[in-house]
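The residues making up each chain are set out below.
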Amino acid sequence: MKQRLRFIINPISGVRRKNDIPTLIEKKLDKSKYDYDIAYTEYSKHAKQIAVDSAKEGVDIVCAVGGDGSVHEVGTALIGTKTKLAIIPTGSGNGLARHLKIPLTIEGAIELINNHQVIFMDTVIVNDKPFLGVGGYGFDALIAKRFNEEHVRGFSKYIKLVLKEYMKYKPTEVEFELDGVKRRENVVLCTVANASEFGNGFAVSPESSVLDGKIELCLLKPFSFFSAPGIAYNFFNKRAHRSKYTEIIPFQKARMFLTDKMAHYDGEPFDVREELNIEVVPKSLYILAGIEN
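Nothing here was measured: the structure is a model prediction, and the numbers come from that model.

**Here's the deal with the packing of aromatic side chains**
- For the coordinates displayed, the defined rule picks out 11 aromatic pairs.
- These aromatic residues form a ring-pair network of at least three members: Phe-131, Tyr-137, Tyr-265 and Phe-270.

**Considering helix α7 (residues 155-166)**
- With 12 residues, α7 extends 16 Å between its outermost C-alpha atoms, agreeing within 8% with the 16 Å of an ideal straight helix rising 1.5 Å per residue.
- Three or more residues of α7 are buried, namely Leu-161, Val-162 and Glu-165. Seen end-on, α7 carries its buried residues on one side only, within an arc spanning 100°. Turned more than 90 degrees away from the buried face of α7 sit Lys-160 and Leu-163, all of them exposed.
- Looking at the buried side of α7, the elements it contacts are α6 (139-150).

**Some words on the environment of Met-121**
- Structurally, Met-121 is set in strand β5 (residues 118-126).
- For Met-121 and Asn-293, which are 172 residues apart along the polypeptide, the C-alpha to C-alpha distance reads 8.4 Å.
- If near-sequence neighbours (up to four positions away) are discounted, Met-121 is found in contact with Leu-96, Leu-132, Asn-194, Val-210, Leu-211, Lys-283, Ser-284, Leu-285 and Ile-287.

**With respect to the packing of helix α1 (residues 21-28) against helix α5 (residues 106-115)**
- In the contact formed by α1 and α5, the axes pass within 10 Å of each other and the chain directions differ by 40°. As judged from the angle between their axes, α1 and α5 are oblique. Both α1 and α5 take part in a crossing whose hand is right-handed. Mapping the contact onto sequence places Ile-21, Leu-24, Ile-25 and Lys-28 in α1 and Ile-106, Glu-107, Ile-110 and Asn-114 in α5.
- Class assignment of the residues belonging to the contact of α1 with α5 gives a composition of 5 nonpolar, 1 polar and 2 charged.

Rules used throughout
Residues numbered from 1 in each chain as written. Predicted model: local features only at pLDDT ≥ 70, side-chain atom pairs only at ≥ 80, totals over all residues. Heavy atoms only, no water. Phe/Tyr/Trp six-rings, centres within 6.5 Å; stacked < 30°, edge-to-face > 60°. Helix = DSSP H or I, 4+ residues; strand = E, 2+ residues; numbered from the N terminus. Expected span 1.5 Å × (residues − 1). Buried < 20%, exposed > 50% of the residue type's maximum accessible area, 1.4 Å probe, protein only. Arc of directions from axis to C-beta. Contact = heavy atoms within 4.5 Å. Axes fitted to C-alpha atoms, helices over the stretch in contact; angles between N-to-C directions. Parallel < 35°, antiparallel > 145°, perpendicular 65-115°, else oblique. Left-handed = near helix turned anticlockwise from the far one by under 90°. Nonpolar A, V, L, I, M, F, W, Y, C, P; charged D, E, K, R; others polar.

Take it as geometry only, folks, not as evidence of what the structure does.
So this is what it looks like as structure tokens:
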């Protein structure tokens, strides 16, 4: 029996042209396995509503075609349902897709859908907001906000924005409680990682897994300007956990108190409350991936 598959395409997200995607889907998708249709988003948060309605209709797979924001919208709407998430990554970062070894080409991502390898991954809930891959409360949250405000696209423009903002950034203070122990730290990055990276190969928590029932608190302590190249090298070469400036702490539940009430979840900027209750939600989302359970 064929499965129902719905592609959700955001015409304006990501960095690649969307005009060719319907043709590639028709050409490359295994139609002996799937009956499919395509829905186009028409306004902000429309992808979330389409995903919610799709799950209620009993659609078997909903595929987010877009960048990390589109994946976040669609994926969080499917948490706790039987509908599976698929991804055709067309953004500039594609953090979760990279972690899950989903091909970054459209043709390769469609072929992975044809293979239909499904995992049952963990997700994260912070107060009332879920996310899939990574959430942050430091410099990365500021960059996500600026990235969204300036509608910056592309890796080179992203790097320019990072350098510009870092020159005037002051470390933020966070307080967190893990296993009954409270700590207060000044940090540049304060990241909660379910998956390993932000995107573009920037691996903030190289050993994180979406299948282990745990998440990681990743702290990057203040560092000198002269240390920046070495730190960047470690992050882009999956060695962040070996740096003397980083600390990575596995956990399942935590409380956190913020000085700056700014955050990002899967690259999407949010304003949050001062007190955060953070928890992993094990095995809560079915997703087609290039890794196995």
